[in-house]
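Observations on chain architecture
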Amino acid sequence: MRNVYWIKAADKDFRKFPKAAQETIHDALAIAAEGQKADTAKPMKGLGAGVFDISLKCISHNLRHTAR
């Protein structure tokens, strides 16, 4: 399992997301750290192999976080 590291500004922004969104994205990052792909992740084109977009809908907001 790989470690997940946060850039300070990204972590600060992430903590502003609704709790349910944080949990869903955290789960997707944990799955990625194990070398798998979460259902909420899709490969991002043009950024190289292993770069995924994790997206979800939460109430009326579409929240996105990019993980590599």
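Residues numbered from 1 in each chain as written. Predicted model: local features only at pLDDT ≥ 70, side-chain atom pairs only at ≥ 80, totals over all residues. Heavy atoms only, no water.

From N to C terminus, the protein includes 2 helices and 3 strands. Along the chain direction, N to C, the helices and strands of the protein fall in the order α-α-β-β-β. Burial statistics for the protein: of 68 residues in total, 28% are counted as buried. Contacts in the protein between residues far apart in sequence, at least 24 positions, make up 30% of those at least 6 positions apart. About 5400 Å² of surface is accessible on the protein, with carbon and sulfur atoms providing 53% of the total. (Helix = DSSP H or I, 4+ residues; strand = E, 2+ residues; numbered from the N terminus. Buried < 20%, exposed > 50% of the residue type's maximum accessible area, 1.4 Å probe, protein only. Contact = heavy atoms within 4.5 Å. Areas by Shrake-Rupley, 256 points an atom, 1.4 Å probe, with all protein chains shown as cover.)

Once that is clear, we can look at the pattern of salt bridges. Under the criterion given, the structure shown has 1 salt bridge. Of the charged contacts in the structure, one is a salt bridge between Asp11 and Arg15, with a shortest N-O distance of 3.2 Å. By relative accessible area, Arg15 is classed as exposed at 56%. (Salt bridge = Lys/Arg side-chain N within 4 Å of Asp/Glu carboxyl O.)

Before going further, it helps to examine the packing of aromatic side chains. Applying the stated rule across the entire model yields 2 aromatic pairs. Consider the rings of Trp6 and Phe14, whose centres lie 4.7 Å apart with planes at 35°: the pair is tilted. A network of ring pairs unites the aromatic residues Trp6, Phe14 and Phe17 as a single cluster. (Phe/Tyr/Trp six-rings, centres within 6.5 Å; stacked < 30°, edge-to-face > 60°.)

Moving on to helix H2 (residues 19-33). Its 15 residues give H2 an end-to-end C-alpha distance of 21 Å, which sits within 8% of 21 Å, the value for a rise of 1.5 Å per residue. Following H2 by one or two positions, Gly35 adopts a phi angle in the positive range, close to 85°. (Expected span 1.5 Å × (residues − 1).)

As a further point, take the nonpolar core. When a protein is soluble and globular, its nonpolar side chains tend to lie buried together. With 10 residues, the main nonpolar core is built from Phe14, Phe17, Ala21, Ile25, Ala28, Leu29, Ala38, Ala41, Ile54 and Leu56. Residue contributions to this core peak at 4 residues, all from H2. (Core = buried A, V, L, I, M, F, W, Y, C linked by side-chain atoms within 4.5 Å.)

This part is about the environment of Asp53. Mapping Asp53 onto the fold places it in strand S2 (residues 52-58). Given a relative accessible area of 4%, Asp53 falls into the buried group. Each C-alpha atom of the pair Asp53 and Lys42 lies 5.4 Å from the other, and the pair is 11 residues apart in sequence.

This part covers the environment of Val4. Relative to the elements of secondary structure, Val4 occurs in the segment before helix H1 (8-14). By relative accessible area, Val4 is classed as partly exposed at 41%. As a C-alpha pair, Val4 and His26 span 22 residues in sequence and 9.7 Å in three-dimensional space. Excluding anything up to four places from it in sequence, Val4 contacts Leu29 and Ala33.

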